[in-house]
Amino acid sequence: MNNFKILAINSGSSSLKFKLYDMPAGNICVGGIVERIGSSEAQFSINDKTKTLPIENHENAVKCLLEELLEQNFINQLNEIVGVGHRVAHGGEFFKKSTVVKEKELEKIEQLGELAPLHNPVNAMGIKVFSEILPQSIQVAVFDTAFHQTIPSYNYLYPLPYSLYQKYKIRKYGFHGTSHQYVSQKAAEVMDLNFKESSFITCHLGNGASICCIKNGKSLDTSMGFTPTDGLMMGTRCGSIDPMILPFLEKSVCLSVDKIEHIINNEAGLLGISGISNDFRDVQISAEKGNLLSKIAIKMFVKRISEYILSYVSELKKIDGIIFTAGIGEHSAYVRREICKQLSCIDVRLNNHKNRDNENIISSENSKFKVLVIPTDEELVIAKDTYKLVHNLVKV
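Let me begin by describing the structure that accompanies this report.

Reading guide: rules and limits
- Going along each chain's sequence as written, the residues are numbered from 1 onward.
- Only residues with pLDDT of at least 70 get local features here, since the model is predicted, and only at 80 or more are side-chain atom pairs given and counted; chain-wide, interface and lining totals rely on the full set of residues.
- To get the side-chain values, take all heavy atoms of the structure and skip hydrogens and water.
- Each helix corresponds to a stretch of at least 4 residues labelled H or I by DSSP, and each strand to a stretch of at least 2 residues labelled E; elements are numbered beginning at the N terminus.
- By this rule, a helix spans an expected 1.5 Å times one less than how many residues it contains.
- Each residue's exposure class comes from its accessible area (1.4 Å probe, protein chains only) as a fraction of the maximum for that residue type: buried when under 20%, exposed when over 50%, partly exposed otherwise.
- Counted as a polar contact is a pair of N or O atoms within 3.5 Å, where, for protein atoms, one must be capable of donating a hydrogen and the other of accepting one, and residues adjacent in sequence contribute only when both atoms are in side chains.
- Salt bridges are counted wherever a side-chain nitrogen of Lys or Arg sits within 4 Å of a carboxyl oxygen of Asp or Glu.
- DSSP calls a pair of strands paired once it identifies at least 2 bridges connecting them.
- In this analysis, two residues are considered to be in contact whenever any of their non-hydrogen atoms come within 4.5 Å of each other.

**Details of helix α11 (residues 292-316)**
Under the 1.5 Å per step criterion, the end-to-end length of α11 is 36 Å for 25 residues, consistent within 8% with the ideal 36 Å. Inspection of α11 places Ser294, Ala297, Ile298, Phe301, Val302, Ile305, Ser306, Ile309, Tyr312, Val313 and Leu316 among the buried residues, and these make up the whole buried set. For α11, the side-chain oxygen to backbone nitrogen distance between the N-cap and Leu293 is 3.0 Å, and the N-cap itself is Asn291. Looking at the residues trailing α11, positive phi occurs at Lys317, about 70°.

In structure tokens form, the structure reads like this:
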């Protein structure tokens, strides 16, 4: 079989994002998202058309999706979908690359949910549902952490007793790997560079945010750590904070561990400081209306990103470009401008017109480093990895 359909899936707690690809060409047949799963007014968007309907759970969402694919003739029968690739946040040290998921692998993904409680459980649920409804399809897990397996020990170890790493594998793992990998490869193409000889700083800025330091096509360091909560200030996550704040909240404020975990993952970040929203657009509108806490939240967000970029400039020495991607990175000319203002100390300069138009290269000719906007396509990476693993397993 030379050509077949691959589904790329990104399961969220109340959403299911999907793209159907014709592989190996990588052509998108259709894409969309099911949102507000569990609601009587769930939103099902496919090919830019949205309808409202009751969707009780992820199983119902998958059934609705497959029925729609059949009804609109994107597939003629379900067995045309020979592989389903799932984005999985945390692979720990157990999964160093994408893998076919069977019972043992699924159990391990669920166990790793302790390290990524907002992601792995729902990622695993998506795999289960598709396994039950499409038993003939091969399920593949594509891990956010896999691209970061090249990070050297001096960057992935924490300055804790080494025995904690030996016993419990407490170390930096990094996330958003498929995005950092894709946009750096794409930037190398745009700049006509050999990816394996290129070095970039990639800024994946969305509700979840991370920065990656890439040397010769390999991840050298990244801002997220043991869990996706570390590093940058995000939509609802606090990022790096003084670790002694956590035992203080437990002992002196009498908060439970579960409550503290909820605060740092769900009530912090842009939402926590602004008190307005986790959506940067809402916070920016509020700041423009004069809300002081929203202004502070934006300054904090920009400052932390700039600090990471500057530290990675020092680590890399030679840099081919600084890349912005994901929801905020791709669409907010304002954020890019404010960050690059902070980078003027290293002679980073923007072309304001190109920045407003979201062009691929937005730096001015007198900028020391190229600055790029590269739309991410994590689903394409998932589809390609899935195809590589399943095409030899499928019998015509």
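From this point, the narrative continues.
**Re the pattern of salt bridges**
In the structure shown here, the tally under the stated rule is 18 salt bridges. Across the pair Lys63 and Glu59 runs a salt bridge, and its minimum N-O distance is 3.4 Å. With Lys63 and Glu59 both in helix α1 (residues 58-71) and four residues apart, the pair spans about one turn of that helix. Taking relative accessible area as the criterion, Lys63 reaches 36% and is therefore assigned partly exposed. In this structure, Lys303 and Glu307 form a salt bridge, with 2.4 Å as the shortest nitrogen-oxygen distance.

**Thoughts on the pairing of strand β12 (residues 321-325)**
Judged by how many residues are buried, β12 sits mostly within the fold: five of five residues are covered. Side chains of β12 alternate between two faces, with Gly321, Ile323 and Thr325 and Ile322 and Phe324 buried alike. Relative to β12, strand β9 (residues 200-205) runs parallel, the two sharing five bridges. Its bridge partner lying in β12, Thr202 is registered against Ile323. Summarising the sheet, β12 and strand β13 (residues 371-373) pair through three bridges and their orientation is parallel.

**Focus on the side chain of Ser294**
Relative to the helices and strands, Ser294 is located in helix α11. Separated by 2.8 Å, the side chains of Ser294 and Ser286 make a polar contact. Residues in contact with Ser294, not counting those within four places in the same chain, are Ser274, Ile276, Val283, Ser286 and Ala287.

**Some thoughts on the pairing of strand β2 (residues 15-23)**
For β2, the buried fraction is high: seven of the nine residues fall into the buried class. Of the pairings in the sheet, the one linking strand β1 (residues 4-11) to β2 comprises eight bridges and is antiparallel in character. Each bridged residue has a counterpart across the sheet, and for Ser11 the counterpart in β2 is Leu16. With eight bridges joining them, β2 and strand β3 (residues 27-35) adopt antiparallel strand pairing. If you follow Ser15 over to β3, its bridge partner there is Glu35. Taken together, β2 and the strand that follows it, β3, pair antiparallel across an intervening segment of three residues, in which Gly26 is found at a positive phi of about 80°.

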